[in-house]
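Coordinates in review
Listed below, chain by chain, are the residues.
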Amino acid sequence: DSGVTQTPKHLITATGQRVTLRCSPRSGDLSVYWYQQSLDQGLQFLIQYYNGEERAKGNILERFSAQQFPDLHSELNLSSLELGDSALYFCASSAGQYTDTQYFGPGTRLTVL
Amino acid sequence: EDQVTQSPEALRLQEGESSSLNCSYTVSGLRGLFWYRQDPGKGPEFLFTLYSAGEEKEKERLKATLTKKESFLHITAPKPEDSATYLCAVQDHTGGFKTIFGAGTRLFVKA
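Just so you know, the residues in each chain are numbered from 1, in the order the chain's sequence is written. To label them, take the chains in the order written and letter them from A, then take the ligands in the order written and number them from 1. The predicted nature of this model means local features are confined to residues of pLDDT at least 70 and side-chain atom pairs, given and counted, to a pLDDT of 80 or more, with totals for whole chains, interfaces and linings taken over all residues. With hydrogens and water set aside, each side-chain value is computed from the structure's full complement of heavy atoms.

Attention now goes to the overall build of chain A. The helix and strand tally for chain A stands at zero helices and 11 strands. Think of it this way: any DSSP run of H or I at least four residues long counts as a helix, any run of E at least two long counts as a strand, and we number them from the N terminus. Traced from its N-terminal end to its C-terminal end, chain A shows the element sequence β-β-β-β-β-β-β-β-β-β-β. For chain A, the spread of C-alpha atoms along the three principal axes comes to 35 × 30 × 25 Å. When each of the 113 residues of chain A is scored for burial, the buried share is 52%. With an accessible surface of roughly 5,300 Å², chain A has 46% of that area assigned to carbon and sulfur atoms. When accessible area is computed with a 1.4 Å probe and restricted to protein chains, residues below 20% of their type maximum are described as buried, those above 50% as exposed, and intermediate ones as partly exposed. Only the protein chains shown count as cover for residues, and all accessible areas are computed by the Shrake-Rupley method using a 1.4 Å probe.

A word on the pairing of strand S3 (residues 19–24) of chain A. All names here are of chain A. A one-sided burial pattern is seen for S3, the buried positions being Val19, Leu21 and Cys23 and the unburied ones Thr20, Arg22 and Ser24. Strands qualify as paired when DSSP identifies two bridges or more between them. As judged from the five bridges shared by S3 and strand S8 (residues 74–78), these two strands associate in the antiparallel manner. Counterpart to Arg22 in the pairing with S8 is Glu75.

Looking now at the sheet that holds S3 of chain A. The pairing of strands in a sheet happens through backbone hydrogen bonds and is either parallel or antiparallel. All names here are of chain A. Judged by pairing direction, the sheet is antiparallel, and its four strands sit side by side in the order S1-S3-S8-S7 without closing on themselves. Lying at the two open borders of the sheet, with one neighbouring strand each, are strand S1 (5–7) and strand S7 (64–68). In this sheet, neighbouring strand axes are inclined to one another by 15° on average, regardless of whether the strands run parallel or antiparallel. To get an axis, a line is fitted to the C-alpha atoms, and for a helix only the part in contact is used. The angle between two axes follows their N-to-C directions and goes from 0 to 180 degrees.

Moving on, we get to unusual backbone geometry. At the junction of Thr7 of chain A and Pro8 of chain A, the peptide bond is cis and its omega measures out at -10° in the coordinates. Structurally, Pro8 of chain A can be placed in the loop between S1 and strand S2 (10–13). For the bond from Ser7 of chain B to Pro8 of chain B, the omega torsion is -10°, close enough to zero to count as cis. As for its placement among the helices and strands, Pro8 of chain B is situated in the loop between strand S1 (3–7) and strand S2 (10–14). For Asn51 of chain A, which is not glycine, the phi torsion reads 50° and is therefore positive.

For the rest of this paragraph, the subject is the packing of aromatic side chains. Paired rings are identified among Phe, Tyr and Trp, the last through its six-membered ring, by centres lying within 6.5 Å, and are further divided according to the angle between planes into stacked (under 30 degrees), edge-to-face (over 60) and tilted (the rest). Summed over all chains, the structure comprises 10 aromatic pairs over all chains. Judged by centre distance (5.4 Å) and plane angle (85°), the ring pair of Phe104 of chain A and Tyr36 of chain B falls under edge-to-face. Taken as a pair, Phe104 of chain A in strand S10 (residues 103–104) and Tyr36 of chain B in strand S4 (residues 30–38) lie in two separate chains rather than in one. In this structure, Phe104 of chain A and Tyr36 of chain B share a single accessibility class: buried. Arranged with centres 5.6 Å apart and planes meeting at 40°, the rings of Tyr36 of chain B and Phe101 of chain B form a pair that is tilted. Note that Tyr36 of chain B is positioned in strand S4 and Phe101 of chain B in strand S10 (residues 99–101), a separation of 65 residues in sequence. Assigned by exposure class, Tyr36 of chain B and Phe101 of chain B land together as buried. Members of the aromatic cluster, each reached through a chain of ring pairs, are Tyr35, Phe45, Phe90 and Phe104 of chain A together with Phe34, Tyr36, Phe46 and Phe101 of chain B.

Now the structure itself:
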């Protein structure tokens, strides 16, 4: 158990809908990272927050947004969902904002029908 | 553009048969190189961080090494429980500290 929690574990929704994925980092960690993992794309970095502020941005679509709250939990919002958004979404956390070890949560499996 | 390439895509070993996994990278400014292990349907599990060429780290049957262009994960006398996907990632200090993962090497160890 990494200490990172993600909810929900599974999410099934329809195209065009909007969903919110939630992540609670390990106690004491200030950075939260979001990743998307699909069969054909591997693990893709989406975005990083450090202590409430956006720190790094990867290949995150404009339909996706994220935020980190004062209690350091984070939410990833996915809107206007498409079939291709079906994937595993992982959250990771680390103590600092640079080359710290990232601890991954168990993931949320999103299925868009 | 930053790139991470892992080889081979898949590796099948007999129990006790040592081998190495390769991770080649191209980044503007390497801050760190990471190795993770991932079991099916689970989140990646951290193994090692390497920061500079020549650095080596060991953990049980695994040893990671780093040069200026690649990293190797050496597996000595593997056991069936070592079967997993091994992911390599790099963090680039230019362009926003993005973490870039390779596609991984799927390791199968047969008893």
